[in-house]
Amino acid sequence: MAKSAEELLIYLFDEILPKHGMNLRVKQKELSLEMLRALRENKLALCEAEVGTGKTHAYILALTVHNIYSDKKIPAVISTSTIALQKALTEEYIPQISGILLEHHVINKPLSFVVRKGKRHYVCDSRLKIYETSIKKLQREVDANLILELARLGEQEFDRIDLDDAVLTPYVKGRINVFRCNKSCPYSLLCRFMNFKKKCMTDNFDFQITNHNYILADLIGQKQGRKPLFPGYGAMVFDESHKLIDAARQMYSTVWDEQDAEFIVGLSEVNRRTTGMDELTVLRSQLAEYNRQIFGRLAGDLAGNHTREGGRIEIVIGSMEKSI
């Protein structure tokens, strides 16, 4: 074993990886070393690399080497922006690196990982049984393949509950996914999803692979007093971090359109009639007028030239909109 993490990482790039068809790429090695230095010094690293540099291999190796030399073995979180990249990590990159490191006795057991998603991506045993029973009662020949797929889902091991891999329509997935959990559920003690969550909260995995939205959901939940969605981790990697801002806009934004305001005004009219609060008429009139003004101003701005980036339009908010 090399004397330091840096020496081991350099040795892997210079001597080991080329033996497995991964020719030395200087920029890839430099990138991985920069990541490793940030990990060792507990600092933030913002890294940009050209397409084809091999950044995924770079950070997997940096994380793995860092963990080898750490006093406490704790998982790393890898956040991606696409399911395709998650699949590449779990089906290609991590198994490949794991096999190479095992062959050369750098590690003594395969690198392990778990994929974390929102609960609606997983099958609920209770809802699955209810839906499966209802389909069987119909006794329709057209449902034969559906019944087989539902049965397959129910018979799989506890960690095979991912609906993204199921051959089912979005409607059916919506009927059998994990919508909510409670202790009164007849499957609460044997629930595969709950057991999966418990296992995910241990330090049994080298990598916890997730997406940007799930990370942000965890942050929002903790601010609201809910328990963390991840166990303690030693490092976090945002792959394609430039897309994090889009995920943040999606998670933190509230959409308000002209029809929403009109609907609320309509509700207040019903309330006025039932309570006899005549002064509410003035407030309703003001709200309706403000609504017309602000959306009229926005519509005017949109009619001219504007720059579109990522499907969004940038508009400068004036004093009138701020006062409203």
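Below, the structure is looked at part by part. It should be emphasised that the depicted structure is a prediction, and the values quoted were computed from it without experimental measurement.

Conventions used here
- Residues numbered from 1 in each chain as written.
- Predicted model: local features only at pLDDT ≥ 70, side-chain atom pairs only at ≥ 80, totals over all residues.
- Heavy atoms only, no water.
- Helix = DSSP H or I, 4+ residues; strand = E, 2+ residues; numbered from the N terminus.
- Buried < 20%, exposed > 50% of the residue type's maximum accessible area, 1.4 Å probe, protein only.
- Contact = heavy atoms within 4.5 Å.
- Areas by Shrake-Rupley, 256 points an atom, 1.4 Å probe, with all protein chains shown as cover.
- Pairing = 2+ DSSP bridges.
- Axes fitted to C-alpha atoms, helices over the stretch in contact; angles between N-to-C directions.
- Expected span 1.5 Å × (residues − 1).
- Phe/Tyr/Trp six-rings, centres within 6.5 Å; stacked < 30°, edge-to-face > 60°.

1. A word on the overall build of the chain
- Of the regular secondary structure elements, the chain holds 13 helices and 6 strands.
- Out of the 324 residues in the chain, the part that is buried amounts to 35%.
- If you take every contact in the chain between residues at least 6 apart in sequence, the share linking residues at least 24 apart comes to 71%.
- Working note: accessible area of the chain is about 20400 Å², and carbon and sulfur atoms make up 54% of it.

2. Brief notes about the sheet that holds strand β4 (residues 235–238)
- The sheet built from 4 strands is open, its strands ordered β2-β3-β1-β4 with parallel pairing. Whereas interior strands pair on both sides, the edge strands pair on one side only; in this sheet they are β2 (113–115) and β4. Going from strand to strand, the sheet's axes swing by 20 degrees on average, the running direction of each strand aside.
- Pairing of β2 with strand β3 (residues 207–211), which is carried by 3 bridges, proceeds in the parallel orientation. Across the sheet, residue valine 114 finds its bridge partner in β3, namely glutamine 208.
- Set on the sheet, helix α9 (residues 212–223) makes contact with β1 (76–80), β3 and β4; between it and β3 the angle comes to about 95 degrees.

3. Topic: the environment of methionine 194
- One can find methionine 194 in helix α8 (residues 192–200).
- The class of methionine 194 is partly exposed, set by a relative accessible area of 27%.
- Between the alpha carbons of methionine 194 and cysteine 181 there is a distance of 8.5 Å; along the sequence they are 13 residues apart.

4. What to know about unusual backbone geometry
- Despite not being glycine, histidine 105 has its phi angle at roughly 60 degrees, a positive value.
- Residue placement: histidine 105 occurs in the loop between α4 (83–103) and β2.
- By relative accessible area, which is 69% here, histidine 105 ends up exposed.
- Not every positive phi belongs to a glycine, and glutamine 139 is a case in point at roughly 55 degrees.

5. Comments concerning helix α3 (residues 55–68)
- Between the first and last C-alpha of α3 there are 20 Å, a value that for 14 residues agrees with the 20 Å anticipated at 1.5 Å per step.
- By the burial criterion, the buried members of α3 are Thr56, His57, Ala58, Tyr59, Ile60, Leu61, Ala62, Leu63, Thr64, Val65, His66 and Asn67.
- Residues of α3 that are buried make contact with α1 (5–16), α2 (26–40), β1, α4, β3 and β4.

6. Structural notes on the packing of aromatic side chains
- Scanning all chains against the criterion turns up 4 aromatic pairs.
- Residues tyrosine 122 and phenylalanine 196 carry aromatic rings whose centres are separated by 5.2 Å and whose planes lie at 45 degrees to one another, so their mutual orientation is tilted. One end of the pair, tyrosine 122, is in the loop between β2 and α5 (125–138); the other, phenylalanine 196, is in helix α8, and 74 residues separate them in sequence. Here the two residues tyrosine 122 and phenylalanine 196 agree in accessibility, since each one is buried.
- Ring plane angle 90 degrees and centroid distance 5.6 Å describe the contact between tyrosine 214 and phenylalanine 230, whose orientation is recorded as edge-to-face. Of the two residues, tyrosine 214 is situated in helix α9 and phenylalanine 230 in the loop between α9 and β4; the sequence distance between them amounts to 16 residues. In terms of burial, tyrosine 214 and phenylalanine 230 fall into one category: buried.
- Counting every residue linked through ring pairs, the aromatic cluster contains Tyr122, Phe193 and Phe196.

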